[in-house]
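# Structural features, examined
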Amino acid sequence: MAQPPKAFQQVIDDFAFADRQERIEMLIEYADRFREVPPHIAARPFPEEHHVQKCESDAYVWAEDLPDGTLKFHFAVENPQGLSAKAWAVILDETLSGQPLEEVAAVPCDSVFTVFGKEVSMGKGMGLMGIADMVTTFARQRLAARNRPA
Amino acid sequence: MTDIEARGYAHPEVLVSTEWVAQHLGDPAVRIIESNEDPLLYPSGHIPGAVQVDWAADLNDPLRRDYLDRAGFEKLASRIGITPETTVVFYGDKNNWWACYAFWVFQLFGHENAKIMDGGRLKWEKEGRPLTRDVPSYPPTQYQAPERDDSKIRIFRDEVLKKLGTGVKLVDVRSPQEYTGERTHMPEYPQEGVLRGGHIPGAKNVPWARAANPEDGTFKSAAELKAIYEQEQGLSPNDEVIAYCRIGERSSHTWFVLTYLLGYPNVRNYDGSWTEWGNSVGVPIER
């Protein structure tokens, strides 16, 4: 059974031991690094199949196939106040893009609660899990296609 | 006449505009308070001089399911440097949802000198007004608060139960899916999970955000609000009204709208809301 990528696990561990203030500062640093999906991947209006269900911040996720068979993840967050979604998108991109698909598929969506803390509101928790779910789903889809008989 | 006064509210003085706030940034008699759902927003940039009041960390008792007590409120008031005479102006994300919640909790302690900045963060940002990451510090104050008064604007489950069928008007401000019970439990989210879906018998469903204009977060005019709550849902100002949602936060927004913008004198927030009702043994539920 594959484990999530080491870089992802490292981030989760960092958050697991952070107090509330440290967590907020770390998340804002991540959110500051957010870059929207580049135009060669997608342009507005973004297609509905890339829209994260249940996410109040109107997040979108894309997976770009890299030559080595891994994926580069791209995101858009339409709510200008969707800072948590942006921070989460940067964490996922920085730790999962270019990683083995088996490991990406093994990322547990409820890691959201380690990163954002147990006090994250229900709506936000569901939305953030939805983003992670879409990322891992892309990885599983590519794996399934790879393993399909030609 | 200002834009807010022209909207026909019963108590227009309870709202201030972004422009008013911009003109009172250094006013020592005014304290600007940001309250958000998203704890990242304030530290990422806020109105210069604004303090943060966090719904989870500041307003709730850390142990029991209840709000802070008098000593806790006095401590909070001291931290943000206010006295009973200070005009507090709340604003926040999500159409001022959490700002209204903080406003409601402040009313449990009788801080009547309170206002909401119409449009909240969204309007302030859209207008390109300044935001800062500098966290201000104000000299601590001595604030003597009364005991928390839960009798006028708050209601508990057993009293709601007794009032069923007496003509009381219940307003369920959750989404239509929550109201019908289509959305029952929330997988992987035990803290706010609920065992039964549906609504309190007789409740009308008016999702809270219908009271706000989505493009800039401002409140709709009194005429538009009456069209929703009175013409469409049959409420009238003399009704006894109970608003509820999942944990009592969205319903504080509706409480604010009915009490101050439409001038209903008898509106209470049932903050136990669906997480209490839908988990209670033996209470009636409608779908």
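Residues numbered from 1 in each chain as written. Chains lettered and ligands numbered in written order. Predicted model: local features only at pLDDT ≥ 70, side-chain atom pairs only at ≥ 80, totals over all residues. Heavy atoms only, no water.

Below, the discussion takes up the overall build of chain A. Within chain A one finds six helices and two strands. Counting helices and strands in the order they occur from the N terminus, chain A gives α-α-β-β-α-α-α-α. In summary, chain A has a C-alpha radius of gyration of 15 Å against a globular reference of 15 Å for 150 residues, a match within 12%. Each principal axis of the C-alpha distribution contributes one length, and for chain A these read about 50 × 40 × 25 Å. Burial status across chain A gives 53% buried among its 150 residues. Of the roughly 7200 Å² that chain A leaves accessible, carbon and sulfur atoms contribute 52%. Charge centroids of chain A, computed over 15 positive and 23 negative side chains, lie 3 Å from each other. (Helix = DSSP H or I, 4+ residues; strand = E, 2+ residues; numbered from the N terminus. Rg over C-alpha atoms; globule rule 2.2 N^0.38 Å. Buried < 20%, exposed > 50% of the residue type's maximum accessible area, 1.4 Å probe, protein only. Areas by Shrake-Rupley, 256 points an atom, 1.4 Å probe, with all protein chains shown as cover. Lys, Arg positive; Asp, Glu negative; His and termini not counted. Charge placed at Lys NZ, Arg CZ, Asp CG, Glu CD.)

Residue and element names in this part refer to chain B. Grouped together as the largest cluster of nonpolar side chains are 58 residues, with contacts concentrated most on Phe90, Phe106, Tyr229 and Phe256. When contributions to this core are tallied by element, the ones reaching two or more residues are α3 (70-79), β4 (87-91), α4 (97-108), β5 (114-117), α8 (222-232) and α9 (250-261). With 11 residues, α4 is the single largest residue contributor to this core. No fewer than three residues from each of domain 1 (5-126) and domain 2 (157-277) sit in this core. (Core = buried A, V, L, I, M, F, W, Y, C linked by side-chain atoms within 4.5 Å. Domains from an automatic or database assignment.)

All names here are of chain B. Within β4, five of the five residues are buried, leaving the element largely enclosed by the surrounding structure. Neither face of β4 is left uncovered, since the one carrying Thr87, Val89 and Tyr91 and the one carrying Val88 and Phe90 both have all their residues buried. Two elements, strand β2 (residues 30-34) and β4, share five bridges in a ladder whose sense is parallel. Paired with Ile32 across the two strands is Val89, which belongs to β4. (Pairing = 2+ DSSP bridges.)

Contacts between the two partners involve 21 residues from chain A and, on the opposite side, 23 residues from chain B. Carbon and sulfur atoms make up 60% of the area that chain A and chain B hide from each other, which totals about 2000 Å². For the salt bridge of A:Lys124 with B:Glu37, the shortest nitrogen-to-oxygen distance reads 4.0 Å. Our enumeration of links across chain A and chain B arrives at three residue pairs in polar contact (both at pLDDT 80 or more). When contributions to the side of chain A that touches chain B are tallied by element, the ones reaching two or more residues are α2 (20-32), α3 (83-96) and α6 (122-147) of chain A. When grouped by side-chain class, the residues that make up the side of chain A that touches chain B number 10 nonpolar, four polar and seven charged. (Contact = heavy atoms within 4.5 Å. Buried area = accessible area lost by both parts, 1.4 Å probe. Salt bridge = Lys/Arg side-chain N within 4 Å of Asp/Glu carboxyl O. Polar contact = N/O pair within 3.5 Å; in protein donor to acceptor, adjacent residues only side chain to side chain. Nonpolar A, V, L, I, M, F, W, Y, C, P; charged D, E, K, R; others polar.)

Another aspect to go through is the sheet that holds β5(B). As summarised here, the arrangement of the five strands in space is β1-β5-β4-β2-β3 (chain B), forming an open sheet in which the pairing is parallel. Edge positions in the sheet fall to β1 (15-16) and β3 (51-52) of chain B, since each of these pairs with one other strand and no more.

Judged by side-chain charge, A:Asp19, A:Glu22, A:Glu25 and A:Glu29 come together as a negatively charged surface patch. Inspection of the secondary structure assignment puts A:Glu29 in helix α2. (Patch = residues over 30% accessible without salt bridge, like charges linked within 9 Å, V, L, I, M, F, W, Y side chains within 5 Å.)

Going through the model one piece at a time under the given rule, you end up with 25 aromatic pairs over all chains. Here the aromatic rings of A:Phe46 and A:Trp62 are separated by 5.0 Å at their centres, their planes lie at 70°, and the arrangement is edge-to-face. One end of the pair, A:Phe46, is in the loop between α2 and β1 (59-65); the other, A:Trp62, is in strand β1, and 16 residues separate them in sequence. Exposure class is identical for A:Phe46 and A:Trp62. Each is buried. Seen from their ring centres, B:Tyr67 and B:Trp104 are 5.3 Å apart, and the 80° between their planes marks the pair as edge-to-face. Residue B:Tyr67 is located in the loop between β3 and α3, and its partner B:Trp104 is located in helix α4; the two are separated by 37 residues in the primary sequence. Take B:Tyr67: its relative accessible area is 3%, and that puts it in the buried class. Classification of B:Trp104 by relative accessible area gives buried; the value is 0%. One aromatic cluster in this structure is built from B:Phe73, B:Phe90, B:Phe103, B:Phe106, B:Phe109, B:Tyr143, B:Phe219, B:Trp255, B:Phe256 and B:Tyr260. The side chain of B:Arg31 reaches across the aromatic face of B:Tyr138, ending 3.5 Å from its centre. The aromatic ring of B:Trp124 is capped on one face by B:Arg129, whose charged end is 5.5 Å from the ring centroid. (Phe/Tyr/Trp six-rings, centres within 6.5 Å; stacked < 30°, edge-to-face > 60°. Lys NZ or Arg CZ within 6 Å of the ring centre and 35° of its normal.)

Residues and elements named next belong to chain B. As far as domains go, chain B holds domain 1 (5-126) and domain 2 (157-277). For domain 1 and domain 2, the distance between their C-alpha centroids amounts to 21 Å. The interface is formed by 26 residues belonging to domain 1 together with 34 residues belonging to domain 2. Both faces combined, the contact of domain 1 with domain 2 buries some 2400 Å², and carbon together with sulfur accounts for 65% of it. On inspection of domain 1 and its partner domain 2, the count reaches zero salt bridges. Contributions of two or more residues to the side of domain 1 that touches domain 2 are made by α4 and α5 (120-126). At seven residues, α4 tops the list of elements feeding residues into the side of domain 1 that touches domain 2.

What follows is about the environment of B:Leu225. All names here are of chain B. Counting through the fold element by element, Leu225 comes out in helix α8. Overall, the relative accessible area of 0% leaves Leu225 in the buried class. For the pair Leu225 and Val257, spaced 32 residues apart in sequence, the C-alpha separation works out to 8.3 Å.

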